[in-house]
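# Chain and residue survey
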Amino acid sequence: MSSTKLRMILTLLTVWIGFTNAAAQNLFKRRYDSLWLQEYLSVSKSQSPLLWTEPDHMESLLTMYEAYGESKYLDMFVRCAGNVIDRRDDFRNERGLSAPSDTYARTPTWSTAAYNVPSDKKPYAHLVHTASITYPMAKFAAIVNTNPDLIDVKVTGGRRFKDLTMKQAADQLVELVSESILFHDDMWQEDPIMGWCYKERANAPVDWRGTILALNMQSLPGKTLAQLYVATGDEKYLDRVEKIAAFYKKCLQENKTLGAKKWRYNTLLRQQYKDTLREDVTHSAVSVSFPYDCYVNQMSSPVDMIFEEADMVQFARAFSRDICAVPHVLRSGVNYGKQNWDLKTNMMPNRPAKMNSFDCSRWIPFTQFDPMVYHLAGELFAQNVYSKGVLGRNQPIPLANLIKYAGRLIPVTMRYYKVPGWLAGGVSTQNNKSYMMAVSTDGTVWGAPSGDSLKPVSYKLKSGYRTRLLLSGNNANEASGGLIALMEDVRSKEKSIQRLAWQNGTFVDQGSALTVLKSTSLIARGSFTEKGLKDIGALDSIARQLLIYRYTPATGKWELQRSVSLALSIPLTSRVIAISAGDLNHDGVDELVVAAGSRISDAITVSVIDLTNSSNSITMGLDSSVKRVEGLTAGNFDEQGNLEIAVFTDSQARIYHIKNQQLEPIGNEQFMDAALRKAIFIQSLSADHQLIILRNEDPSVVTYLPADTSRSTN
């Protein structure tokens, strides 16, 4: 390998690891570590667990290393790789297990009968399985050999590689992987039409014997060879990578309408397959991984890059514009519009086997070429695992990819509802449980504890009134959860604040509504005047004042506590768009958080207003690209004990914290613009640190988990 090319790869890896560290997700990281930071030792004689599950596990460990830079993931990888090597056919007797009794029993592969035709149950070494197993091993060797800091790091556990250095383990794995891949060299043949490619053996126990292997079966050995080239610099690996890429390009076409790649599962199989030759969701994610590996490792022929950024963009669009052409509706193949899976209703005609939203997460690395990929794949995944409590179990790749490629927030759950739309929503807490509350446009109140689907409760808001806003909680001295509703009389336009208590699975109207000014546009709930006691702040949009009220259960009356002018913090040329509250400076009294837009210049500001000492207030202008603010909320999004401010602007959630008396942005997440149109932005679940959004485009409730953007250490 030339020194220039080596430096290029080193630089790219360094930049990539640095980028992904900034997106590290602590909550999901803990979930991953609890499930997958351990060894698994398969003793199945069929070898089936080694074909996909353990390779996914090993690859996810490398993904976690790329996300965090923590050597513990590499150490665990080496232990797992050693276990898998010990299960290779020529080493199996070391485990005291009888080896398969066929001609491939003593070869450097992992033979199995699991994928054979029914008439032949003898174990057979499939190239696609050999490559699936060896790819993460080759990638590990590439990571170590291009990172001088890893060379002398010791392996602390396992059996085969214990007490070796990472470099020594990498060198052994290169030799072992090469043996396994080269065993299939008799399948590497030159086709008169398609050029050099892998063909199945004529006597193989499969239906497609003697034919050119499908793209996904070319992809896996191709990317293994690509990693061997990065690890060793041996040009023989690059030569084969170039030839596989040339074969690929003969199979690929362009969907000019979508600006996306399109291809078939295998264009040269017998015509009897017809429409079943579509590239399904599961196999497409495998097929695109070879071009992706070539690109990120800067694989180049003597003249040009083997795959360029323009190719990556078109691959990304094959997912974002083709497979997921309609958000949350999954097509069953590339350039194939039949058998759509509507995740909103979970309806799928004939339910084809090769449609799994988990597999969509394998497309997530293409997020860097199209931000829509992450959200589409992430929300498909979130919908699939809703309230099942299985996030990450048996799914190490989705979990690792969600972590590595995420922005500030990760979609966690999603649920659709047959409602005319949402008017307002909020979160309440009762007995240390968080409750999601919402009101649909027909006046029905919905509610449920977090983790459950929302259910309509036996309560409807007053007829003849419009719900302007809904806040979580009840009042200062009542333990039961509830809601505070800002209501408007449709006829008189008079406004009032109504208290609803959540009792025995329904709401109880507690009466004693507070009549407020017609110019009241927004309300916020917080401890504005005294520690531990909750007030309601009603914004008079004309006088630009916050009127603070408190309800006293003993008297059954609302009392005005004080009036605070916002003129010093909010320019006269601005109108208040959204307000929230939270104790951001840890003095026990909540600050008011305000988003305001200028009527003159369209400039938008966010202010943190200290109602007890205006000199401590902070105001910052958002960048000029922000044209719209839908809402904001304060919450402990990074679980570090401090409150952050989440501002929903256009199609982004921008997160800020206070540092040195300034509002400092610490990340943002690009949302799907179409899906968030007419969205209602809601605060975090206090017990779960989740951000909740009600969406009206497709009536749904989506929750997101927050992130910690600080880099983890060993």
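The rules behind each value
The numbers attached to residues start from 1 for each chain and follow its sequence in the written order. Reporting of local features is limited, given that this is a predicted model, to residues whose pLDDT is at least 70; pairs of side-chain atoms are given and counted only at 80 or more, and all residues count toward the totals for whole chains, interfaces and linings. Computation of side-chain values covers all heavy atoms of the structure but excludes hydrogens and water. Here the term buried applies to any residue with accessible area under 20% of the maximum for its type, exposed to any over 50%, and partly exposed to those in between, with areas from a 1.4 Å probe on protein chains only. A helix here means a DSSP run of H or I that spans at least four residues, while a strand means a run of E at least two residues long, and both kinds are numbered starting from the N terminus. Note: two strands are recorded as paired if DSSP finds a minimum of 2 bridges between them. Every axis corresponds to a line fitted to the C-alpha atoms, with the helix fit spanning only the stretch in contact, and the corresponding angles, defined between N-to-C directions, vary from 0 to 180 degrees. You can read pLDDT as the predictor saying how much it trusts each residue, on a scale of 0 to 100. Here a residue-residue contact requires only that any non-hydrogen atoms of the pair lie within 4.5 Å. The pairing test for Phe, Tyr and Trp rings, Trp by its six-membered ring, is centres within 6.5 Å, and the orientation test on the planes gives stacked under 30 degrees, edge-to-face over 60, and tilted for anything in between. Geometrically, a lysine NZ or arginine CZ counts as sitting over a ring once it is within 6 Å of the ring centre and also within 35 degrees of the ring normal.

### Points about helix α15 (residues 396–404)
Counted residue by residue, α15 has nine buried out of nine residues, so it is predominantly covered. Taken residue by residue, α15 has P396, I397, P398, L399, A400, N401, L402, I403 and K404 as its buried positions.

### Describing the sheet that holds strand β23 (residues 604–609)
Taken together, four strands build an open sheet; the order of strands is β21-β22-β23-β24 and the sheet is antiparallel. Each of the sheet's edge strands pairs with one partner strand only, and the pair in question is β21 (574–582) and β24 (618–621). Strand-to-strand twist across the sheet, computed as the mean angle between neighbouring axes with direction ignored, equals 20 degrees.

### As for the confidence of the model for the protein
For the protein, per-residue confidence averages 79 on the pLDDT scale, and 77% of positions sit at 70 or higher. When the criterion is pLDDT under 50, residues 1–25 qualifies, and its contacts beyond four places in sequence or with other chains add up to 51 contacts. pLDDT under 50 marks residues 707–714. Its contacts with residues more than four places away, or in other chains, come to 25 contacts.

### Quick word on the pairing of strand β18 (residues 535–540)
The buried count for β18 comes to six of six residues, which makes it a mostly enclosed element. What you see with β18 is no split at all: D535, G537 and L539 on one side and I536, A538 and D540 on the other are buried throughout. As paired elements, strand β17 (residues 520–526) and β18 share six bridges and run antiparallel to each other. Opposite L522, over in β18, you have L539 as the bridge partner. One ladder, built from five bridges, connects β18 with strand β19 (residues 545–552); its direction is antiparallel. Bridge pairing in β19 links L539 to L546. Linking β18 to β19, which pair antiparallel, is a turn of four residues; within it R544 sits at a positive phi near 55 degrees.

### Re the sheet that holds β18
The strand order across the open sheet formed by four strands is β17-β18-β19-β20, and the pairing between neighbours is antiparallel. Edge positions in the sheet fall to β17 and β20 (557–565), since each has one partner strand and no second. With direction set aside, neighbouring strand axes in the sheet form an average angle of 25 degrees.

### Some words on the side chain of T134
Relative to the helices and strands, T134 is located in helix α6 (residues 127–145). The contacts of T134, once residues within four sequence positions are left out, are W110, V177, S180, I181 and T224.

### Here we look at the packing of aromatic side chains
Counted by the stated rule, this structure contains 19 aromatic pairs. Three or more aromatic residues link up through ring pairs in this structure, and these residues are Y248, W263, F290, Y292, Y295, F307, F315, F319, W363, F366 and F369. Geometry around F91 places R160 over its ring, the cationic atom sitting 4.6 Å from the centre. The residue whose ring lies beneath R278 is Y336, and the NZ or CZ to ring-centre distance is 4.4 Å.

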